[in-house]
Amino acid sequence: MILNVIPRINKVDYTGGESYIDLAAVKYTADDSYGDEAYGIVINAEGVEVISKGEKGKFYAMKTLEQIKNMGKVPHCVIKDAPEFPYRGFMIDSSRHMQSVDEIKKYIEAAARYKFNIFHWHICDDQGWRMESEKYPLLNEKGSWRDCHGFGSPNMEKYGGYYTKDEIRDIVNFCEERFIEVVPEIDMPGHVTAIVSSYPELSCRGVQIPLETTGGIFKNILCAGKEEVFDFCFGILDEVAELFPCKYIHIGGDEAPKARWCNCEKCQQRIKDEHLNSVEELQGYFANRIIAYLKSKGKEVLAWNESLNSGILDGDCIICDWMDRAHKSEAYANQGGKIIIEDFYHYYLDYPYGMTPLKKTYTYEPYLKKLDSKGRKGVLGVETPIWTEYIEDFGKMCYMCFPRMIAVGERGWVTPENANYADFKIRLRNDIPYLKEIGITPADEREWDPPLKVRIDRTLGHLKKALSPASIKATLFPNREDD
Ligand code: ACM
Ligand code: ZN
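Here is what the cut-offs are and how they apply
Residues numbered from 1 in each chain as written. Chains lettered and ligands numbered in written order. Predicted model: local features only at pLDDT ≥ 70, side-chain atom pairs only at ≥ 80, totals over all residues. Heavy atoms only, no water. Helix = DSSP H or I, 4+ residues; strand = E, 2+ residues; numbered from the N terminus. Rg over C-alpha atoms; globule rule 2.2 N^0.38 Å. Buried < 20%, exposed > 50% of the residue type's maximum accessible area, 1.4 Å probe, protein only. Contact = heavy atoms within 4.5 Å. Pairing = 2+ DSSP bridges. Axes fitted to C-alpha atoms, helices over the stretch in contact; angles between N-to-C directions. Donors = N, O, S within 2.8 Å, 3.2 Å for Na, K, Ca; no water. Tetrahedral: all angles 85-135°; square planar, octahedral: opposite > 155°, others 65-115°. pLDDT = per-residue confidence, 0-100. Patch = residues over 30% accessible without salt bridge, like charges linked within 9 Å, V, L, I, M, F, W, Y side chains within 5 Å. Areas by Shrake-Rupley, 256 points an atom, 1.4 Å probe, with all protein chains shown as cover. Salt bridge = Lys/Arg side-chain N within 4 Å of Asp/Glu carboxyl O. Arc of directions from axis to C-beta.

Digging into the overall build of the chain
Logical step 1: Along its length, the chain carries 19 helices and 17 strands.
Logical step 2: Taken over the C-alpha trace, the chain has a radius of gyration of 23 Å; the compact-globule value for 483 residues is 23 Å, and the two agree within 12%.
Logical step 3: Taken along the three principal axes of its C-alpha coordinates, the chain extends 75 × 45 × 45 Å.
Logical step 4: A total of 483 residues make up the chain; the buried ones form 59% of that total.
Logical step 5: Residue pairs at least 24 apart in sequence account for 74% of intrachain contacts in the chain once pairs closer than 6 positions are excluded.

Next comes the structure, spelled out in structure tokens:
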């Protein structure tokens, strides 16, 4: 017997008999011995009882009951459930393409059903700045608008916009009601074309450049030698911290080519003054100053795994492991650091099902092989991003994310022994009507695990579209300054 619930319940004991259940008549008992996210449910002939420490556990119990109720008559049972990981995140890139507030809320509604507790919001990048700023108005006047739709679209009209502070507060509140925290990401020192096109003096060369209209890695990064860059970062992070109550702030740190830093007098002077050995260490210096500032404001900091390349990163920084061939994140966790697993090959939902089938996502083991017993404790959780270079509308986003994000949600909740793909698929089929009811159309089941030939075709088709000559060059020769 299985209970039709996603994520799968970690412990169920069946006690015999079955009943219809009435969610309006659930009895509640508070019990301090439960963890914050844990809950118990007893279903018997007398009705339903929920047990938890407080509101969060109760919320998860109700999410479980909403799904169980759809089974009709429910088997009498005793449930004890708690998540494997405290961090269960989904990321939305609203820079490359924006989503409406209503669309984001639909995504959040679904995420809450599957007991995600983190919405990582990627609100700035080379192709657009998306948060209203009162302190730095040019971020909205210039940095939120690119010359054309870009990414190969024939639409040559201006593209852009930003979320007002009221809209952001509305989304944060909507999340709070569902026990989801919103982690804003201000990516730095790379992926900052929206910033340096608004305030060119913040780059090494101070040259006015337009927003990017293609995907890739771009070299006009923030100058690490200028004090006004740190003033700007602290200033914008003050504004971000005011708007987002979450204890975490993400500071990016990925894909920052060092060509400009190698040739900038001020950056080179900074390296001398701070007794650093390389431009990589300069990135570590940059990150550590930002981290120290955010720590002084009571925040914990997340950064992508490239931030480890400096070798001098503050050990309190939480590392988001997305592409880490040198296994630095695992070494970091083995030494006591915290990491979040967002593996490119398994959890990146912007890649086609041909490249990343549902089964591949589901069966991925978040406890990476090179973790020792201490390192396993450093895995805070999992997160699944949707990057939107080629996701222009919400319909495509739903197709790409659902059901793969649900698989990540389940792996964030269940113990490794309770993960079971065949069983997951049965429960998933049963929940498709719910998704459609809230306005999310998932990929059809025939798409989830395509046959090999289709996989190869789709993978090649996607790579042909996504890999621009500029991004290949920047990846292979990050330190070459040829313009
Ligand atoms: C990333 O995908 N550049 C984090
Ligand atoms: Zn510089």
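A short note on the sheet that holds strand S4 (residues 47-52)
Adjacent strands of a sheet pair through backbone hydrogen bonds, lying either parallel or antiparallel.
Logical step 1: Here we have 5 strands laid out as an open sheet, ordered S1-S5-S3-S4-S2, and mixed in their pairing. Strands at the two margins of the open sheet, each flanked by one partner only, are strand S1 (12-19) and strand S2 (27-30). Across this sheet, the average inter-strand angle for adjacent strands is 20°, counted without regard to direction.
Logical step 2: With 5 bridges connecting them, S1 and strand S5 (residues 74-81) associate as antiparallel partners. Along S5, the bridge assignment pairs Tyr14 with Cys77.
Logical step 3: The strands that helix H1 (residues 55-69) touches are S2, strand S3 (39-44), S4 and S5; relative to S3, the one it contacts most, it runs at about 40°.

Considerations on the coordination of the zinc ion (ligand 2)
Logical step 1: Distances from the zinc ion (ligand 2) to its protein donors, namely Cys204 (SG), Cys223 (SG), Cys264 (SG) and Cys267 (SG), fall within the range 2.3 Å.
Logical step 2: Coordination at the zinc ion (ligand 2) comes from 4 donor atoms whose angles at the metal span 105 to 113°, giving a geometry best classed as tetrahedral.
Logical step 3: Spacing between the donor residues of the zinc ion (ligand 2) along the chain follows C-x18-C-x40-C-x2-C. With a gap of 19 residues between them, Cys204 in the loop between helix H5 (193-198) and helix H6 (227-243) and Cys223 in the loop between H5 and H6 connect regions that are remote in the sequence.
Logical step 4: Residue class for Cys223 comes out buried when judged on its relative accessible area of 0%.

Details of the confidence of the model for the chain
Logical step 1: Averaged over all residues, the pLDDT of the chain is 96; the fraction at 70 or higher stands at 97%.
Logical step 2: Element-level pLDDT for the chain is lowest in helix H19 (residues 469-476), with a mean of 66, against a maximum mean of 99 in strand S7 (residues 118-122).

A closer look at a nonpolar patch on the surface
Logical step 1: Residues Leu452, Ile456 and Leu460 make up a contiguous nonpolar surface patch of roughly 310 Å² in combined accessible area.
Logical step 2: Along the chain, the position of Leu452 falls in helix H18 (residues 452-466).
Logical step 3: In this structure Leu452 comes out as exposed when scored by relative accessible area, which is 60%.

Some words on the pattern of salt bridges
As a working rule, side chains carrying opposite charge can pair if their charged atoms are close by.
Logical step 1: Tallied over the entire structure, the rule returns 32 salt bridges.
Logical step 2: The partner of Arg458 in a salt bridge is Glu447, and the shortest N-O contact between them spans 3.2 Å. Note that Arg458 is positioned in helix H18 and Glu447 in helix H17 (residues 445-448), a separation of 11 residues in sequence.

Topic: helix H8 (residues 265-273)
Logical step 1: Of all the positions in H8, only Cys267, Arg270 and Ile271 are classed as buried. When H8 is viewed along its axis, its buried side chains cluster within an angular range of 100° and face the same direction. Seen from the open side of H8, the exposed residues pointing more than 90 degrees away from its buried face are Glu265 and Lys272.
Logical step 2: In this fold, the buried residues of H8 make contact with H6, helix H7 (259-262) and helix H9 (279-296).
Logical step 3: Where H8 terminates, the next one or two residues include His275, which has phi positive at roughly 55°.

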